[in-house]
Protein chains: 2
Amino acid sequence: MADRPAGRRIPEATVTRLPLYYRALLECADRGTETVSSERLAELAGMNAAKVRKDLSYLGSYGTRGVGYEVEFLLGRISGELGLTQDWPVVIVGVGNLGQALANYHGFGARGFRVEALVDADPAKVGEQVGELAVESLDDLAEVVAERGIRIAIIATPAPAAQEVAGLLVAAGVASILNFAPTVVSVPDGVSLRKVDLATELQILSFYQAEQGNWSGRKGSKRAPGSSSPVIPEVAS
Amino acid sequence: MADRPAGRRIPEATVTRLPLYYRALLECADRGTETVSSERLAELAGMNAAKVRKDLSYLGSYGTRGVGYEVEFLLGRISGELGLTQDWPVVIVGVGNLGQALANYHGFGARGFRVEALVDADPAKVGEQVGELAVESLDDLAEVVAERGIRIAIIATPAPAAQEVAGLLVAAGVASILNFAPTVVSVPDGVSLRKVDLATELQILSFYQAEQGNWSGRKGSKRAPGSSSPVIPEVAS
DNA sequence: TGGACTTTGTGAACAAGTGCACAAGTCGGT
DNA sequence: ACCGACTTGTGCACTTGTTCACAAAGTCCA
C-alpha cells in the first residue's frame with residue numbers, strides 16, 4: 001500500500017483545502033486520536049466526506065479501509081506537501097493598523113511561519129518597536145530580504161503603495177506575496193500572489209443579504225458557496 | 001435598450017468578482033472617465049475582457065457596442081446588486097489585535113459599511129475606547145444588534161470562542177458573518193458565512209513555493225490560480 | 001476460518017466556470 | 001448614405017471541480 005504520490009498534480013481547489021485538513025488533523029492529534037475516518041475529518045474541516053477522500057487521494061493512498069487515516073502519518077504527509085516541515089521567515093511591509101495586528105498575531109508562528117522583519121516607508125515609524133521587532137526602512141528591503149533568506153512577504157500598505165512595494169519585493173527575490181491592500185497588484189510569472197480584501201468580503205456578504213431581501217423566489221436553501229445540508233455553509237476564501 | 005435584468009441568477013463566481021469591478025469603476029469615476037471598454041476594465045480589475053463581459057452580461061445588457069460601458073451607470077447597477085446603496089452597520093466581536101485593527105481600518109466606510117459596535121467578552125476591555133467607539137459587553141450583544149439593526153458581523157475572537165459567538169449572533173438576528181477566527185464555524189441555513197484565514201493563505205502560498213523548489217518538471221508557467229500571461233497572477237479570495 | 005460490518009479509493013455522471021471567436025450593433029468621417 | 005474601425009453579447013467547446021455510488025480491502029469477533 002501507499003505508493004509514492006509520484007508526479008501527481010494536485011488540483012488548485014484541493015490545495016486550498018489542504019490547510020483545512022491540516023488544522024483539523026492537528027486538533028485530532030491534540031486530543032490524542034490515532035485515526036480518523038474521512039467522515040470525521042470532513043466534519044472537523046467543514047467539508048463532506050467524499051471530497052475529503054478525493055482530495056487525500058491526490059496525495060497517495062494513505063488510508064486503511066475499514067479504519068481510516070492515521071493522524072500522525074497524514075499530518076506528516078500534508079505538512080510535507082505544504083512545505084511546512086521548515087519555518088518560513090516572513091516580512092511584513094507596511095506597519096499601520098493592520099500591519100501591526102498581523103505582526104502581533106500569534107497564529108502564524110504556530111503554523112510554520114515566523115514574522116522576521118517589519119518594514120515601512122515612513123521614516124517616523126522606522127526604529128519603532130513592535131512586539132519583538134524593530135521597524136526597518138523600506139530602503140533596506142532588498143538587504144533585509146536577502147540576508148534573512150525571506151521568500152514570503154505580506155503587503156499591508158495603503159493601496160497606492162502596493163504595486164511599487166510588490167515590485168521591490170520581487171526584485172529582492174520574494175516568490176510569494178500575500179496582499180492586503182485593496183488594489184490589484186500584478187507580479188511577473190513565477191511569483192505567487194494571493195489577496196485578502198476585507199471590503200470585498202463584506203460586499204460579497206452584502207450581495208447575499210440583499211438577495212435575501214428580494215424574496216422574489218429563489219431556492220431558499222442555496223446559500224453562498226459550497227454549502228450543504230445543515231453543515232458548513234462556509235465559503236472558501 | 002437595457003431590459004431589466006429580470007430574474008437572472010448570478011453565478012457565485014461572478015458575485016465574488018463584482019466588488020472588483022466596482023472598485024475599478026470607482027477609480028474610473030475618480031479620474032473622470034465617462035466610459036470604459038471591457039478590455040480597460042479587465043486591466044483595472046486584473047481580469048480578462050471576455051470574463052468581464054460575461055460577468056456584466058448577467059446584470060443585463062448595459063454596454064454599448066463600439067463604445068463600452070458608461071461608468072456612472074454601471075456603478076449604480078453594481079452597487080444596487082451588491083446592496084451598497086445603503087450603508088450597512090457592522091458589529092465586530094472580539095477586540096484583540098485584529099479586532100482593533102479592523103475597527104480602525106477606514107477602508108470599510110468608504111465602501112458601504114460602517115463599524116457601529118465593538119463587543120468583547122473580557123470585562124477588562126469593556127468600556128475601553130477604540131477610535132470613536134466604546135467596547136461593549138458580549139452580554140449585551142443581542143440588544144446591540146437589535147437596537148442598531150445590525151445584520152452583518154465580523155468575528156475576530158480567538159478560535160475557541162468563535163462557534164459560540166456565531167451562535168449568539170445568529171440568535172440575535174445577524175444574517176451574514178465574516179469569520180477571522182482560524183476554525184470552522186457552522187451556521188444554520190439561511191445565514192451566509194465567509195472566512196478569512198491568514199495562516200491558511202500563507203500555507204497555500206507555501207505550497208506553491210515548495211512546488212517550485214521541486215523542479216521535477218512542472219510546466220513552469222502554471223502559477224497559482226487564474227493567472228494568465230504577465231497580467232494578474234492574482235488569486236481570488 | 002468465516003461472515004458481518006466499516007471505510008477507502010475511484011470511475012463516471014454531473015455541474016460550474018473559463019475562454020474563444022464571431023455576428024451584430026454603434027460611431028465618426030467623408 | 002456608406003465604409004471602416006471598434007466593442008459588446010453570447011453560443012460553444014473545453015477545463016475544472018463536485019458528487020454519487022459501489023467494488024475492493026480491511027477489522028473484529030466468534
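Here is a short report on the structure shown in this document. Please read these numbers as outputs of a predicted model, since none were measured by experiment.

Conventions and cut-offs
Position numbers for residues start from 1 in each chain and track the written sequence from start to end. By the order in which they are written, chains take letters starting at A while ligands take numbers starting at 1. Per-residue local features of the predicted model are confined to residues with pLDDT of at least 70, and side-chain atom pairs are confined, for both listing and counting, to 80 or more; whole-chain, interface and lining totals are unaffected and use all residues. Computation of side-chain values: all heavy atoms of the structure, hydrogens and water removed. A residue counts toward the fit only if its pLDDT is at least 70 in both copies, and the copies are then superposed by least squares on the C-alpha atoms of those residues. We treat two strands as partners when DSSP finds at least two bridges between them. The secondary structure listing takes helices from DSSP runs of H or I that are at least 4 residues long and strands from runs of E that are at least 2 residues long, numbered from the N terminus. One heavy atom within 4 Å of a molecule or strand is enough for the residue carrying it to be called near that molecule or strand. Pairing of N or O atoms within 3.5 Å defines a polar contact, subject to two protein rules: one partner must be a possible hydrogen donor and the other a possible acceptor, and residues neighboring in sequence count only if both atoms are side-chain atoms. Amino acid classes used here: Ala, Val, Leu, Ile, Met, Phe, Trp, Tyr, Cys and Pro are nonpolar; Asp, Glu, Lys and Arg are charged; the rest, including Gly, are polar.

**With respect to the relation of the copies chain A and chain B**
The two copies are related by a screw operation: chain A maps onto chain B through 180 degrees of rotation and 0.0 Å of translation along the axis, at an RMSD of 0.0 Å. Considering both components of the superposition, the chain copies are consistent with a two-fold axis.

**Here's the deal with the sheet that holds strand S1 (residues 35–36) of chain B**
Residues and elements named next belong to chain B. Taken together, 3 strands build an open sheet; the order of strands is S1-S3-S2 and the sheet is antiparallel. The open sheet has two edge strands with one neighbour each: S1 and strand S2 (63–64). Pairing between S1 and strand S3 (residues 68–70): 2 bridges, direction antiparallel. Across the sheet, Thr 35 pairs through a bridge with Glu 70, a residue of S3.

**Details of the sheet that holds strand S3 (residues 68–70) of chain A**
The sheet built from 3 strands is open, its strands ordered S1-S3-S2 (chain A) with antiparallel pairing. In this open sheet, the two strands that pair with only one neighbour each are strand S1 (35–36) and strand S2 (63–64) of chain A.

**Some details on the protein's contact with DNA strand C**
Around DNA strand C sit 26 residues in total, of which Ser 38, Arg 53 and Tyr 69 of chain A together with Asn 48 and Lys 54 of chain B are the nearest. Protein-proximal atoms of DNA strand C, defined as those within 4 Å of the protein, fall in sugar or phosphate at a share of 64%. Here a phosphate oxygen of DNA strand C sits 2.5 Å away from a polar atom, N or O, in the main chain of Ser 38 of chain A. At a separation of 2.9 Å, a base nitrogen of DNA strand C approaches a polar side-chain atom of Arg 65 of chain B. For the surface near DNA strand C, the elements supplying multiple residues, two or more each, are helix H3 (49–57), S2 and S3 of chain A together with helix H1 (12–31) and helix H3 (49–57) of chain B. For the surface near DNA strand C, the residue count by class is 6 nonpolar, 11 polar and 9 charged.

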